[in-house]
Amino acid sequence: MSNTESSFLVTQEPSSFEVAVRDRSWDWLLELRRRLKVDLVLVDSRPSVLLPALGDQAARLSSMLEHGEAALLSMIAMSIKERSSQALDLNDLQIICVPVITERNAGGALLVGRASPPRQDSGASRAQLELVASWLTGAVDAHLLSPPAFPSSGLNRVAPLAQLLGQASEHESDRELIRLFGEAIAVWHDIEVSGYVETATDTFTRDVTLPGTRKGERPATIPAIGLPDSTDLTRLPQGHLDRFGLPMNADVYVRRFRGTDRRSWLLVFTGEIGDYDRQRIGAYVALLELALSRATTSFTTRITRALGGRLVGTDVSPETQAIRALEELRTTLGSAVATLQIESKSGIQRLRVTCPAEVLEGDTDTRAFRLALVKRSQRHYTTTVSLGRNESLQFTPRDHAAATAAAEMFDAWASAVFDGTHLQRERRAAPRGFAEMLQRSAREALDRGSPVTVVVLLIHEAVSLPGSTQQWVAGIRGQLRASDLAGMLGEGEIGLLMHETGSEQAKGIAERLRAVAGEPGHQSILVGVASRTPGQGTVDGIVHEARADAVGGTRRRRLSDSPHGVNR
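The text that follows walks through the structure, step by step, so that each part is easy to find.

What counts as what
- Residues numbered from 1 in each chain as written.
- Predicted model: local features only at pLDDT ≥ 70, side-chain atom pairs only at ≥ 80, totals over all residues.
- Heavy atoms only, no water.
- Phe/Tyr/Trp six-rings, centres within 6.5 Å; stacked < 30°, edge-to-face > 60°.
- Helix = DSSP H or I, 4+ residues; strand = E, 2+ residues; numbered from the N terminus.
- Buried < 20%, exposed > 50% of the residue type's maximum accessible area, 1.4 Å probe, protein only.
- Pairing = 2+ DSSP bridges.
- Axes fitted to C-alpha atoms, helices over the stretch in contact; angles between N-to-C directions.
- Contact = heavy atoms within 4.5 Å.
- Salt bridge = Lys/Arg side-chain N within 4 Å of Asp/Glu carboxyl O.
- Parallel < 35°, antiparallel > 145°, perpendicular 65-115°, else oblique.
- Left-handed = near helix turned anticlockwise from the far one by under 90°.
- Nonpolar A, V, L, I, M, F, W, Y, C, P; charged D, E, K, R; others polar.
- Core = buried A, V, L, I, M, F, W, Y, C linked by side-chain atoms within 4.5 Å.
- Expected span 1.5 Å × (residues − 1).

### Brief notes about the packing of aromatic side chains
- For the coordinates displayed, the defined rule picks out two aromatic pairs.
- Ring plane angle 80 degrees and centroid distance 6.3 Å describe the contact between Phe181 and Phe269, whose orientation is recorded as edge-to-face. With Phe181 in helix α8 (residues 174–189) and Phe269 in strand β10 (residues 264–271), this pair connects stretches of sequence that are 88 residues apart.
- Classification of Phe269 as buried rests on a relative accessible area of 0%.
- Aromatic side chains Trp188 and Tyr284 sit 5.5 Å apart centroid to centroid with 55 degrees between the ring planes, which places their arrangement in the tilted category. Of the two residues, Trp188 is situated in helix α8 and Tyr284 in helix α10 (residues 275–311); the sequence distance between them amounts to 96 residues.
- For Trp188, a relative accessible area of 13% puts it in the buried group.

### Structural notes on the sheet that holds strand β2 (residues 86–90)
- Across the sheet, which stays open at both edges, the four strands sit in the order β1-β4-β3-β2 with antiparallel pairing between neighbours. Since the sheet does not close on itself, it has two edges, and those belong to β1 (39–44) and β2, each with one partner. Here the strands of the sheet are splayed against their neighbours by 25 degrees on average, with no regard to which way each runs.
- Sheet analysis places β2 next to strand β3 (residues 93–102), joined by five bridges and oriented antiparallel. Opposite Leu88, over in β3, you have Ile95 as the bridge partner.
- On the sheet, helix α6 (residues 122–145) packs against β1, β2, β3 and β4 (105–115) and is oriented at approximately 25 degrees with respect to β3.

### A few points about the sheet that holds strand β17 (residues 493–499)
- Taken in spatial order, the four strands line up as β16-β17-β15-β18 in an open sheet, and their pairing is antiparallel. Single-partner strands in this sheet number two, and they are β16 (485–490) and β18 (525–532). Each adjacent strand pair in this sheet contributes to an overall mean axis angle of 20 degrees, direction not counted.
- Each of β15 (452–459), β16 and β17 touches helix α14 (residues 468–477); the most contacted strand, β16, lies at about 165 degrees to it.

### Regarding the pairing of β3
- Burial of β3 is extensive: eight of the 10 residues sit out of reach of the surface.
- Where β2 folds back onto β3 in an antiparallel hairpin, the turn is made up of two residues, including Asn91, whose phi is positive at roughly 55 degrees.
- Bridge count for β3 against β4 is 10 bridges, and the pairing is antiparallel. Bridge assignment links Ile101 to a residue of β4, and that residue is Ala106.

### Some points on the pattern of salt bridges
- Applying the stated criterion across every chain yields a total of 21 salt bridges.
- A salt bridge links Glu18 to Arg46, with the nearest nitrogen and oxygen atoms 2.3 Å apart. Of this pair, Glu18 sits in helix α2 (residues 16–22) while Arg46 sits in the loop between β1 and α4 (60–66); the two residues are 28 residues apart in sequence, bridging distant segments of the chain.
- In this structure Glu18 comes out as buried when scored by relative accessible area, which is 14%.
- Arg547 is paired through a salt bridge with Glu493; the nearest N and O atoms lie 2.3 Å apart. Residue Arg547 is located in helix α16 (residues 542–561), and its partner Glu493 is located in strand β17; the two are separated by 54 residues in the primary sequence.
- On the basis of relative accessible area, Glu493 is assigned to the buried category, the value being 12%.
- In the salt-bridge network here, residues are joined through shared partners; they are Glu18, Arg22, Asp44 and Arg46.

### A few points about the packing of α8 against α10
- For the pair α8 and α10, interaxial distance at closest approach is 10 Å and the crossing angle is 160 degrees. Considering their axes alone, α8 and α10 lie roughly antiparallel with respect to each other. Crossing angle aside, the handedness with which α8 passes α10 is right-handed. Here Asp174, Leu177, Ile178, Phe181, Ile185, Trp188 and His189 of α8 lie close against α10, whose contacting residues are Tyr276, Asp277, Arg280, Tyr284, Val285, Leu288, Ala291, Leu292 and Ala295.
- Tallied by class, residues from the contact of α8 with α10 come to 12 nonpolar, one polar and three charged.

### Let's talk about the nonpolar core
- Core analysis: the largest hydrophobic core is formed by 50 residues, its most contacted members being Trp26, Leu42, Val140, Phe181, Leu267 and Phe269.
- Look past the residues within four positions of Phe269 in its chain and what remains in contact with it is Phe181, Ile191, Glu192, Val193, Leu233, Asp251, Val252, Tyr253, Arg255, Ile281 and Val285.

### Considerations on α8
- With 16 residues, α8 extends 22 Å between its outermost C-alpha atoms, agreeing within 8% with the 22 Å of an ideal straight helix rising 1.5 Å per residue.
- Taken as a whole, α8 has its buried residues at Asp174, Arg175, Leu177, Ile178, Leu180, Phe181, Gly182, Ala184, Ile185, Ala186, Trp188 and His189.

This is the structure:
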């Protein structure tokens, strides 16, 4: 038997290279083939074509291989044997062949071809194609080193998507997260994703679309009435597509991501969406929901910290403090104008500031703003924060969450700086109310399975500084997470509720918060801690227990300082 015949018989079994290729998903490479407008063929040493041809391209390389084009077969054999890239011009087609190395052997090759540009130097065009081929081959090499795909779960994509969204959620906006998510789905599944923001008029306005989406393919607005109220991935019936202005010749799925104040993101998925795609999209959106929540929490924390720093201090007037904090909020949210108004319970205006300062009330045309965001919170005063934009971008759910936190901080600050006899009476009544709020919030957290810790700070100097406790509360809030609570239990007594936090960790945080009250020492500010974990018991008396721990700490120190005391 000749070597050729023997070789032919051996190659009837799948090569190890073919097995490695078949075990992995190549949707991303097929999508790049379409977007780069090149013809890509992945072959083994026989050579056998291992990637399907796209219907919207001529797929000339595959056709040449099927017809046994001698020059092309010779180039592939030479590239694999010499482990070097080869170039060929064949029938006005520029072709680059690069070997693919697996386990130190050239098991196959990647062919990249395109028609020779009529108005471009052939040498420059070939150099560009070589660069593209080299980059794509590196990606193919790395993909072959990755774990095989899991056909039933698509876990090979969940990990990189989680990493992408996780890194972006630390610094990027929710709008950018949805854009990155949409690009990944478009590459992996050729499914278009559009992001819509809910407005105050019960409509969703288009905010995020992928580059290259033709005008008119996606409606500018979608009415909320008629959309599924569920947060699950839901397919829209074909009969509803025309009413919403969505493509009639495609599968359409929607998914809501709820934020604060009834503001939500609505994602619209359109394309050919089979069971394979739907199962994987369900896993992907779970990662996106986690990333959106993390981005909102991180952004809100940064804003509250910044505002707390602007509102604390005795060297400037309350109006100057408010202007500084409001300008911080305006620039961070990218607003054209921001207004803060504080009124007493009787309707008397105590403060009104606008940023930029040159924008006067009579000069403001509210119709010029895409969205005016107003938040009110009622304690001792009515605090209104208004934000406006004169551009096409909507305020996103993340922006609403940050504005809500800002309004709450302004409200607490107003209670501290605007004194009055009625306010004094309300303050005396407030401690019991906030203690009950801490206990109720702790109970709700335990019911959700989350451990909690209550911290009580006792500040002796507050007795001689009326109104200082509320200022310290505002400063402390700026150092905490958005999910934590901080408030006044009494004059010189501050209560904190920390979620997912143990007692030792809470003590460390409380030690850092001493500086906010102006005294890092251990004598004038006492710290008490009480913790609960799910199943440990009820939260009844948890605030009293933390207060007793703070007072008991003083007694223990006195015993240890006494020559007859025992340090336990």
